[in-house]
Amino acid sequence: MEKYSPNLRLILLANSTANIIAPIRSRTLLVRVAAPTDNDICKVLKKVGNAENWPEAEGLNRRIAKESGRNLRRALLMFEAVHAQKYVCIMAVMLRVVDTMGRSEKVTDKTPIPPPDWEALIAQVADEIMEEHTPARILQVRAKLYDLLSHCIPATTVLKVNIAGTGSFDAPSRLIYFRPWLSSWYRKLMTPLREMSSNGLHSMNTGSRWVV
């Protein structure tokens, strides 16, 4: 970093300083930047929607801002997914499922927000673990976990989503969406689940591999 410091500047982004090693800390200036507010995210979504000529739905934008957890990147991905799902699949047109090509459904304030693909895969992994307790199922789940890791989904994120459904321990609404069988037992299960997840998180950080 010292060799090329006159010619370039590195900007490193992190949600926590716990895993930043001492040599990096001593050579960088730590600047804390607050997450964007819901209003800021709504303004960005409106600007992107106008650039893409998408119909404006203020209520939808506010729902996306709330469910994104003040994460602008996540909000943009959810915003794109909502507008991408409205278009008729070309394959369906080829199979004559629909009569007109290019027909689309109007996006409104009540349009459902699809979860990211990686969240849906994590929920599927949790369901498969509960359905069958066999070595074959362990190998199947292990392959999907490695697939998540290969797509840059941290193991800590996988663990948190499995516990709470959104990457946050305080969001039971999406938990009910992913795994309805946990909804009625949420309060009773969260204490032991948090304890086990903490032990798993500690093993991840102290071990050489996240998935064994």
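Everything numeric in this text was worked out from a predicted model, so none of it was measured.

Chemist: Please clarify how the confidence of the model for the protein should be interpreted in this entry.
Modeler: Low pLDDT marks regions whose predicted coordinates should not be analysed in detail. Confidence in the prediction for the protein averages 76 pLDDT; 76% of positions are at 70 or higher. The least confident element of the protein, judged by mean pLDDT, is helix α9 (residues 172-178) at 43; the most confident is helix α2 (residues 38-51) at 93. Confidence drops under pLDDT 50 across residues 88-104; counting only partners more than four residues distant or on other chains, this segment forms 14 contacts. Every residue in residues 166-178 scores below 50 in pLDDT, and together they form 36 contacts with partners more than four places removed in sequence or on other chains.

Chemist: Mind showing me how you'd approach the side chain of Asn-61 here?
Modeler: If you trace the backbone, Asn-61 turns up in helix α3 (residues 58-67). In this structure Asn-61 comes out as buried when scored by relative accessible area, which is 6%.

Chemist: Which parts of the structure should I look at to understand the packing of aromatic side chains?
Modeler: For any pair of aromatic rings, the description consists of the separation of the ring centres together with the inter-plane angle of the planes. A full pass over the atoms with the stated rule returns one aromatic pair. Ring geometry for Trp-54 and Phe-79: centres 5.5 Å apart, planes at 65 degrees, overall edge-to-face. Separated by 25 residues along the polypeptide, Trp-54 in the loop between α2 and α3 and Phe-79 in helix α4 (residues 72-84) bring together distant segments of the chain. Accessibility classification places Trp-54 together with Phe-79 in one group, the buried group.

Chemist: Can you walk me through helix α7 (residues 135-150) in this structure?
Modeler: In an α-helix there are 3.6 residues to a turn, and that puts residues three or four apart on one side. With 16 residues, α7 should reach 22 Å at 1.5 Å per residue; the first-to-last C-alpha distance of 23 Å fits that figure. Turning to α7, its buried residues number three or more, namely Arg-137, Val-141, Lys-144, Leu-145 and Leu-148. Relative to the axis of α7, the buried residues are bounded by an arc of 100 degrees and lie together on one face. Projecting away from the buried face of α7 at angles above 90 degrees are the exposed residues Pro-135, Ala-136, Leu-139 and Ser-150. Phi turns positive one or two residues past the end of α7, at Cys-152, with a value near 65 degrees.

Chemist: I tried to follow the pattern of salt bridges on my own but got confused; where do I start?
Modeler: Pairing is possible between side chains of opposite charge, provided their charged atoms come close. On inspection of all chains with the given rule, the structure shows six salt bridges. Here Arg-62 ties to Glu-58 by a salt bridge, and the two come within 3.8 Å at their closest N and O atoms. Here Glu-58 and Arg-62 lie together in helix α3, a separation of four residues that amounts to about one turn. Classification of Arg-62 as partly exposed rests on a relative accessible area of 42%.

Chemist: Is there a simple way to think about the environment of Leu-10 in this case?
Modeler: Residue placement: Leu-10 occurs in the segment before α1 (22-27). Through-space distance from the C-alpha of Leu-10 to that of Thr-28 is 8.9 Å; in sequence the pair is 18 residues apart.

Chemist: Explanation requested: the nonpolar core in the structure shown.
Modeler: Soluble globular proteins tend to bury their nonpolar side chains together. Within the largest apolar cluster, 14 residues are counted, with the highest numbers of intra-cluster contacts made by Ile-41, Leu-45, Leu-60, Ile-64, Phe-79, Val-82 and Ile-113. If you list the elements that add at least two residues to this core, you get α2, α3 and α4. Per-element accounting of this core gives the leading share, four residues, to α4. Non-local contacts of Leu-60, meaning those with residues more than four positions away in its chain, are made with Val-82, Val-107, Thr-108, Asp-109, Thr-111 and Ile-113. Ranked by size, the runner-up nonpolar core spans nine residues in total, among them Leu-121, Val-125, Ile-153 and Val-161.

Chemist: I keep staring at a nonpolar patch on the surface and nothing clicks. Help me out?
Modeler: Taken together, the side chains of Tyr-4, Leu-8, Leu-10 and Leu-12 define a hydrophobic patch exposed on the protein surface, amounting to about 440 Å² of accessible area. The exposure class assigned to Leu-10 is exposed, which follows from its relative accessible area of 57%.

Chemist: Teacher, can you tell me more about the environment of Gly-59 here?
Modeler: With respect to the secondary-structure elements, Gly-59 resides in helix α3. Look at Gly-59 and you get partly exposed, because its relative accessible area is 25%. Here the alpha-carbon distance between Gly-59 and Asp-109, two residues 50 residues apart in the chain, equals 4.7 Å.

Conventions and cut-offs
- Residues numbered from 1 in each chain as written.
- Predicted model: local features only at pLDDT ≥ 70, side-chain atom pairs only at ≥ 80, totals over all residues.
- Heavy atoms only, no water.
- pLDDT = per-residue confidence, 0-100.
- Helix = DSSP H or I, 4+ residues; strand = E, 2+ residues; numbered from the N terminus.
- Contact = heavy atoms within 4.5 Å.
- Buried < 20%, exposed > 50% of the residue type's maximum accessible area, 1.4 Å probe, protein only.
- Phe/Tyr/Trp six-rings, centres within 6.5 Å; stacked < 30°, edge-to-face > 60°.
- Expected span 1.5 Å × (residues − 1).
- Arc of directions from axis to C-beta.
- Salt bridge = Lys/Arg side-chain N within 4 Å of Asp/Glu carboxyl O.
- Core = buried A, V, L, I, M, F, W, Y, C linked by side-chain atoms within 4.5 Å.
- Patch = residues over 30% accessible without salt bridge, like charges linked within 9 Å, V, L, I, M, F, W, Y side chains within 5 Å.
- Areas by Shrake-Rupley, 256 points an atom, 1.4 Å probe, with all protein chains shown as cover.

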